[in-house]
Amino acid sequence: MSEQSTDLRETVRRRYAAAAVKVTEGGTTCCGPQPVEVDENFGSTLYAADERDALPAEAVAASLGCGNPTAVAELREGERVLDLGSGGGIDVLLSARRVGPTGTAYGLDMTDEMLELALTNAAKAGAANVAFLKGTIEAIPLPADTIDVVISNCVINLSTDKTAVFAETFRVLKPGGRIGVSDVVADDHLTADQRAERGDYVGCIAGALSFTEYRSGLEAAGFTDVTITPTHPVADGMHSAIVRATKPVAADRISPGL
């Protein structure tokens, strides 16, 4: 990993560690934790009220995503789900409710403070079918062909090696498995410099792929049936989008990208 990539990852880690600490400290006040909101395009307001009300306040307050991937992933009873960049655990806990006691929801995060917050939230929610893992989304600590669905909420755009993320996602999915991701995507005509002008890397803007780059990256990793559907603007020429794709049933056990 280059020095610049290492610096960017550390910047991201510090930002989300600080968010976790803020929520945890807020939980000791009389009024409970305050949401760590960026603006109306990110955060807990993108979830339905009944979903927010069913979860610990700290899980809701720590939401920093740009969508609601559990609403579009079509999760089924008994499935194994992996959330890339699980943060305070909101999407893991919602997934656990959808897959039921015979399923499992995994959360993967590189930030100790977020993992600690997520474990606390899972205990408060009484969620027995969840597991949180420490690691990076470029090197997922799970065996190949073990996950039915991969979700993520505005985290892939933060990676400095998206090729590795796509390859690793493909590897851990079972043949026939699928992704249902919320992420920030840029219009094809925007250059990398123009994306950077619209927001910083840690703010989920500068690191975003274009629509064509995102599709090409997934297809190069082996995915088929790729669809990228914008849902709402987050900056000029930048969109929150729902990304879906499938690992073919006849896919090789090893990703072509590895």
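**Q** Help me out: how do you make sense of helix 8 (residues 211-221) in this one?
**A** Turn by turn, an α-helix covers 3.6 residues, leaving residues three or four places apart pointing in a common direction. Of all the positions in helix 8, only Phe211, Tyr214, Gly217, Leu218 and Ala221 are classed as buried. What you see down the axis of helix 8 is that its buried residues fit within an arc of 140°, all on one side. On the buried face of helix 8, the contacting elements are helix 6 (162-172), strand 5 (173-186), strand 6 (209-210), strand 7 (224-235) and strand 8 (238-246). A positive phi of about 115° marks glycine 222, the residue just after helix 8.

**Q** Teacher, can you tell me more about the packing of helix 6 against helix 8 here?
**A** In helix packing, the relevant descriptors are the interaxial angle and the interaxial distance, both defined with respect to the helix axes. Where helix 6 meets helix 8, the axes come as close as 9 Å, and the angle between the chain directions of the two elements is 45°. With respect to helix 8, the element helix 6 is oriented oblique. For the crossing formed where helix 6 meets helix 8, the hand is right-handed. Within the contact between the two elements, helix 6 uses Phe166, Ala167 and Phe170 and helix 8 uses Tyr214, Gly217, Leu218 and Ala221. Partitioning the contact of helix 6 with helix 8 into residue classes produces six nonpolar, one polar and no charged.

**Q** Could you clarify how one ought to interpret the pattern of salt bridges in this entry?
**A** Side chains carrying opposite charge are able to pair once their charged atoms draw close together. With the rule as written, the count across this model stands at seven salt bridges. Note that glutamate 79 is salt-bridged to arginine 178, the shortest N-O span being 3.0 Å. Note that glutamate 79 is positioned in the loop between helix 3 (57-61) and strand 1 (80-84) and arginine 178 in strand 5, a separation of 99 residues in sequence. Taking the relative accessible area as the measure of exposure, glutamate 79 reaches 9% and is therefore buried. The partner of lysine 134 in a salt bridge is aspartate 112, with the nearest N and O atoms 2.8 Å apart. With a gap of 22 residues between them, lysine 134 in strand 3 (residues 130-134) and aspartate 112 in helix 5 (residues 112-125) connect regions that are remote in the sequence.

**Q** Whenever I open this one, helix 6 confuses me. Can you help?
**A** Counting buried positions over the 11 residues of helix 6 gives 10, a clear majority of the element. Check the buried side of helix 6 and you find it contacts strand 1, strand 4 (147-153), strand 5, strand 6 and helix 8.

**Q** In this structure, what is going on with the packing of aromatic side chains? I would like to understand it.
**A** Two descriptors summarise a pair of aromatic rings, namely the distance from one centre to the other and the angle between the planes of the rings. Inspection of every chain in the model, using the stated rule, returns two aromatic pairs. Aromatic side chains phenylalanine 166 and tyrosine 214 sit 5.4 Å apart centroid to centroid with 45° between the ring planes, which places their arrangement in the tilted category. With a gap of 48 residues between them, phenylalanine 166 in helix 6 and tyrosine 214 in helix 8 connect regions that are remote in the sequence. Each member of the pair, phenylalanine 166 as well as tyrosine 214, carries the same accessibility label: buried. Judged by centre distance (5.2 Å) and plane angle (90°), the ring pair of phenylalanine 170 and phenylalanine 223 falls under edge-to-face. One end of the pair, phenylalanine 170, is in helix 6; the other, phenylalanine 223, is in the loop between helix 8 and strand 7, with 53 residues separating them in the sequence. Phenylalanine 223 matches phenylalanine 170 in its accessibility class, with the two residues each being buried. Taking NZ or CZ as reference, lysine 247 lies 4.8 Å from the ring centre of phenylalanine 170, over its face.

About the cut-offs
- Residues numbered from 1 in each chain as written.
- Predicted model: local features only at pLDDT ≥ 70, side-chain atom pairs only at ≥ 80, totals over all residues.
- Heavy atoms only, no water.
- Buried < 20%, exposed > 50% of the residue type's maximum accessible area, 1.4 Å probe, protein only.
- Helix = DSSP H or I, 4+ residues; strand = E, 2+ residues; numbered from the N terminus.
- Arc of directions from axis to C-beta.
- Contact = heavy atoms within 4.5 Å.
- Axes fitted to C-alpha atoms, helices over the stretch in contact; angles between N-to-C directions.
- Parallel < 35°, antiparallel > 145°, perpendicular 65-115°, else oblique.
- Left-handed = near helix turned anticlockwise from the far one by under 90°.
- Nonpolar A, V, L, I, M, F, W, Y, C, P; charged D, E, K, R; others polar.
- Salt bridge = Lys/Arg side-chain N within 4 Å of Asp/Glu carboxyl O.
- Phe/Tyr/Trp six-rings, centres within 6.5 Å; stacked < 30°, edge-to-face > 60°.
- Lys NZ or Arg CZ within 6 Å of the ring centre and 35° of its normal.

Keep in mind these numbers describe shape, not what the thing actually does.
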